[in-house]
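Here is how the chains run, residue by residue.
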Amino acid sequence: MRQELLSLPKGLAEEVSKNLVMVARLIDEDPEQAYAYSRIALRLASRVAAVREAAGFAAYATQKYSEALAEFRAAKRMTGSVELWPVMADCERGLGRPERALAMAGEPEVQKLDKAGQVEMRLVAAGARRDQGQLEAAIVTLQSPELASNAVQPWTARLRYAYADALLAAGREDEAREWFGKALEADKDGATDASDRLAELDGVEFVDAAIDPADDEDRDGTQNLVDLEDEDEDEDDEDAAEIAAAERATDVTEYYDEDDEEYEPLEQSAADAEVRGDKA
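Residues numbered from 1 in each chain as written. Predicted model: local features only at pLDDT ≥ 70, side-chain atom pairs only at ≥ 80, totals over all residues. Heavy atoms only, no water.

Some remarks on the overall build of the protein
Here is step 1 of the chain: On a plain count of helices and strands, the protein comes out with 15 helices and zero strands.
Here is step 2 of the chain: When each of the 280 residues of the protein is scored for burial, the buried share is 40%.
Here is step 3 of the chain: When the accessible surface of the protein is totalled, it reaches about 16,400 Å², and 47% of it is carbon and sulfur. (Helix = DSSP H or I, 4+ residues; strand = E, 2+ residues; numbered from the N terminus. Buried < 20%, exposed > 50% of the residue type's maximum accessible area, 1.4 Å probe, protein only. Areas by Shrake-Rupley, 256 points an atom, 1.4 Å probe, with all protein chains shown as cover.)

Side note on the environment of Glu 53
Here is step 1 of the chain: With respect to the helices and strands, Glu 53 occurs in helix α4 (residues 49–61).
Here is step 2 of the chain: Distance from Glu 53 to Phe 72, taken between C-alpha atoms, is 5.7 Å for residues 19 residues apart in sequence.
Here is step 3 of the chain: Apart from residues no more than four positions distant in its own chain, Glu 53 is found in contact with Phe 72, Ala 75 and Leu 84. (Contact = heavy atoms within 4.5 Å.)

A closer look at the nonpolar core
Here is step 1 of the chain: If you look at the biggest cluster of nonpolar residues, it comprises 29 residues, and the most contacted ones within it are Phe 72, Trp 85, Met 88 and Met 121.
Here is step 2 of the chain: Those elements that place two or more of their residues in this core are α2 (10–26), α3 (31–44), α4, α5 (65–79), α6 (85–94), α7 (98–105) and α8 (115–131).
Here is step 3 of the chain: For Trp 85, the residues in contact, after removing those within four places along its chain, are Lys 76, Met 104, Glu 107, Glu 109, Val 110, Leu 113 and Met 121.
Here is step 4 of the chain: Listed in part, the 21 residues of the second largest apolar core include Leu 147, Leu 159, Ala 166 and Trp 179. (Core = buried A, V, L, I, M, F, W, Y, C linked by side-chain atoms within 4.5 Å.)

A look at unusual backbone geometry
Here is step 1 of the chain: Positive phi, normally seen in glycine, also occurs at Gln 63, with a value near 65 degrees.
Here is step 2 of the chain: Note that Gln 63 resides in the loop between α4 and α5.

A closer look at the environment of Glu 175
Here is step 1 of the chain: On the secondary structure map, Glu 175 appears in helix α12 (residues 173–186).
Here is step 2 of the chain: Taking the relative accessible area as the measure of exposure, Glu 175 reaches 32% and is therefore partly exposed.
Here is step 3 of the chain: Residues Glu 175 and Tyr 163, spaced 12 residues apart in sequence, show a C-alpha to C-alpha distance of 9.6 Å.
Here is step 4 of the chain: Reaching out from Glu 175, the side chain makes a polar contact with the side chain of Arg 172 at a distance of 2.8 Å. (Polar contact = N/O pair within 3.5 Å; in protein donor to acceptor, adjacent residues only side chain to side chain.)

A word on the packing of aromatic side chains
Two aromatic rings are characterised by how far apart their centres lie and by the angle between their planes.
Here is step 1 of the chain: Under the criterion given, the structure shown has four aromatic pairs.
Here is step 2 of the chain: With centroids separated by 5.8 Å and ring planes inclined at 75 degrees, the aromatic side chains of Tyr 60 and Tyr 65 adopt a geometry described as edge-to-face.
Here is step 3 of the chain: When the centroid spacing of 5.1 Å and the interplanar angle of 90 degrees are considered together, the rings of Tyr 163 and Trp 179 count as edge-to-face. Placement of the pair is Tyr 163 in helix α11 (residues 156–169) and Trp 179 in helix α12, with a sequence separation of 16 residues.
Here is step 4 of the chain: Owing to a relative accessible area of 14%, Trp 179 belongs among the buried residues under this scheme.
Here is step 5 of the chain: When the ring centre of Tyr 35 is taken as origin, the NZ or CZ atom of Lys 64, which lies over that ring, is 4.3 Å away.
Here is step 6 of the chain: A cation over a ring is seen here: Lys 182 above Trp 179, with NZ or CZ 4.1 Å from the ring centre. (Phe/Tyr/Trp six-rings, centres within 6.5 Å; stacked < 30°, edge-to-face > 60°. Lys NZ or Arg CZ within 6 Å of the ring centre and 35° of its normal.)

Section: the side chain of Glu 92
Here is step 1 of the chain: Relative to the helices and strands, Glu 92 resides in helix α6.
Here is step 2 of the chain: Looking at Glu 92, the relative accessible area reads 4%, which means it is buried.
Here is step 3 of the chain: Polar side-chain contacts of Glu 92 include one of 2.7 Å to the side chain of Arg 97.
Here is step 4 of the chain: Those residues in contact with Glu 92 that lie beyond four places of it in its chain are Leu 69, Arg 73, Arg 97, Pro 98, Arg 100, Ala 101 and Met 104.

Looking at the pattern of salt bridges
Here is step 1 of the chain: Tallied over the entire structure, the rule returns 17 salt bridges.
Here is step 2 of the chain: Linking Glu 32 and Lys 64 is a salt bridge whose minimum nitrogen-to-oxygen distance equals 3.8 Å. In this pair, Glu 32 sits in helix α3 while Lys 64 sits in the loop between α4 and α5, placing the two residues 32 residues apart along the sequence.
Here is step 3 of the chain: Of the residues examined, Lys 64 reaches a relative accessible area of 26% and is grouped as partly exposed.
Here is step 4 of the chain: Among the ionic pairs, Lys 115 bridges to Glu 146, the shortest N-O distance being 2.9 Å. With Lys 115 in helix α8 and Glu 146 in helix α10 (residues 145–148), this pair connects stretches of sequence that are 31 residues apart.
Here is step 5 of the chain: Residue classification places Lys 115 among the partly exposed positions, given a relative accessible area of 40%.
Here is step 6 of the chain: We classify Glu 146 as buried; its relative accessible area is 16%.
Here is step 7 of the chain: What you see here is one network of salt bridges that share partners, running through Glu 173, Asp 174, Arg 177 and Asp 202. (Salt bridge = Lys/Arg side-chain N within 4 Å of Asp/Glu carboxyl O.)

All we've got here are geometric facts, nothing functional implied.
Right, dumping it as structure tokens:
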């Protein structure tokens, strides 16, 4: 990404970089804010592949699947890489087109993926089978050397979890419990909720700790909830002001590739032409 940003003027590169950092920082905890920052970066540097990719993931995180797919296609076209193929297929699922996701699972691009990408594609294909109500086919799709291996890889927990979930959906509860346990063993970073699923299968219920009745203000939780809401509103106002300031700071109009079917090119103003150094 750093190399791509070097193609931009220094000041513009710094501004784009700041927005991409905010996208990465917020995409898990506040995807809507991450999406807002990604749109700023996109307006500043739509011809940078890393920006298109970041915009795609931000849109994907907010379930804007059509937009995400368009951005991923643009990034793929710019780089020639097939790395985004699995998430592009998952966007097709999000758009209610599992048959397209399955078609993509059979394309030559899959063979060009690394092992992690191929496992991700298998997860997407299994999800597409489930979308079509083909539970047994989904289970078979997930049965692979990677699933059978005792070695723990970055994808192991998610693969085992998906297999357990498919087994449970097919009514094979004992097998599902076994595989949720195996997923938990491999899940060192808490990427899944395998422990909760196991507890649910075993009939364990979790109850929130009661608020101290000795505190009159907190007796029914009202005061605490109000305070938290006020804090959230203050933070939202600060974030909105920061984003608005960043938007006002840029005077570069959004331009998209001519061959990008998802967008229509915008008319370039004289001011923008001057900024870009274009000849009249």
